[in-house]
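Notes for the structure review
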Amino acid sequence: MAGTALVLGGGGLTGIGWEIGVLAGLAEAGVGLADADVVIGTSAGSIVGAHLTSRQLPLDEIYERQLAVPESRATERMGPAALARFATIALRSRDTVSFGVRMGKLALAARTVPEETQRTVIARTLELADWPARRLVITAVNAATGERTAFDDTSGVRLLDAVGASCAVPGVYPPVTIDGTRWIDGGVHSSANADLAAGCDRVVIVAPMAASGGPIAGPRAQGTQLARQGAQVCVITPDRAARSAFGRNVLDPAQRADAARAGRRQAASHLAEIRQVWPN
């Protein structure tokens, strides 16, 4: 699978804003990551990846939408306490599959909004009906087996369902049912799933969540492994200003604009390294 890959990791609503800010800042400087041969999206990254590869809207307009005043206040939370709980479960798991099974049980037992309600929210956020012409890969985890799947336009799965599954944070949003199988957030396997870019010559990883724990590999570790395999790799994770902009709840829409602005500012600091990796 020689070529270029853009990996977009998970990180809630602030992660969406920050990723779009980074991409917009890089594009403004002449680095167009939307031209990647394959885009790999996890959770928040699946939404950003779908918008980026569809090219339905210019990137500047996608960015401007992140700055708009949100229609509603935050109703869900995923802050330090929830992340610490997930990390504790990870540390007690022997591998990613056993962690996936435990998180699947948590998700299936949780009291959340109805699945159809969340599907409507994803549809409104996505605003796309079909898979894009450019190659897009979206990750999700089987809630029963704990195994990761990478959906694409050959999987026989609707784009809406693939994105919904990838964004189904355990304990926060309901698992997504596809042909009788329940699916949860692809970030359960890895916050970025950058290992799926194996075989690509040049890889850029944009990951709002840099942490790892137990058997869960973080984006930098996965980037290092790709480099050992011969790829040129650039990993971008939030700087201090971006982390501050995220606030204490990555699902708070009120923090999205600040996260987007922080991402756009941060992009400038990565231009030198990214130009060594990405073809002009």
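We now turn to the structure provided with this report. (Residues numbered from 1 in each chain as written. Predicted model: local features only at pLDDT ≥ 70, side-chain atom pairs only at ≥ 80, totals over all residues. Heavy atoms only, no water.)

Quick look at the nonpolar core
Grouped together as the largest cluster of nonpolar side chains are 56 residues, with contacts concentrated most on L6, L26, L33 and V204. Considering each element in turn, this core owes the most residues, seven residues, to helix α1 (residues 12-28). Residue contacts for L6: discarding those within four places in its chain leaves L23, L33, A36, V38, V39, I40, L52, V204, V206 and W278. With 18 residues, the next largest nonpolar core counts M78, F99, A107 and Y173 among its residues. (Core = buried A, V, L, I, M, F, W, Y, C linked by side-chain atoms within 4.5 Å. Buried < 20%, exposed > 50% of the residue type's maximum accessible area, 1.4 Å probe, protein only. Helix = DSSP H or I, 4+ residues; strand = E, 2+ residues; numbered from the N terminus. Contact = heavy atoms within 4.5 Å.)

So, the pairing of strand β7 (residues 202-206)
Burial analysis of β7 places four of its five residues in the buried class, which makes it a mostly covered element. Judged from the five bridges that link them, β7 and strand β8 (residues 232-236) form a sheet pairing that is parallel. Considered in β8, the bridge of I205 is made with V235. One crossover worth recording links β7 to the parallel β8 by way of helix α8 (residues 219-228), and it is right-handed. (Pairing = 2+ DSSP bridges. Right-handed = clockwise from strand over helix to strand, strands pointing away.)

Observations regarding the state of the cysteines
A covalent bond between the sulfur atoms of two cysteines is referred to as a disulfide. On inspection of all chains with the given rule, the structure shows zero disulfides. With no disulfide of its own, C200 lies closest to C234 among cysteine sulfurs, the gap being 15 Å. C200 sits in the buried class, given a relative accessible area of 5%. (Disulfide = S-S within 2.5 Å.)

A look at α8
Within α8, burial applies to P219, Q222, G223 and L226. For α8, the angular spread of buried residues about the axis comes to 105°, placing them on one side. Looking at the packing, one finds that the buried side of α8 touches β7 and β8. Taken from the residues just after α8, G230 is the one with a positive phi, measuring 110°. (Arc of directions from axis to C-beta.)

What to know about the side chain of T96
Structurally, the position occupied by T96 is in helix α5 (residues 96-109). What makes T96 buried here is its relative accessible area of 18%. Setting aside residues no more than four positions away along its own chain, T96 makes contact with G146, H189, P215 and I216.

A closer look at the pattern of salt bridges
This model, assessed by the stated rule, comprises 14 salt bridges. A salt bridge links E115 to R119, with the shortest nitrogen-to-oxygen separation between them at 3.1 Å. One end of the pair, E115, and the other, R119, are both in helix α6 (residues 115-126), four residues apart, so they sit about a helical turn from each other. Notably, a salt bridge pairs R261 with D258, separated by 3.3 Å at the nearest N-O pair. Placement of the pair is R261 and D258 together in helix α10 (residues 256-267), with a separation of three residues, close to one helical turn. A relative accessible area of 34% means that R261 is categorised as partly exposed. (Salt bridge = Lys/Arg side-chain N within 4 Å of Asp/Glu carboxyl O.)

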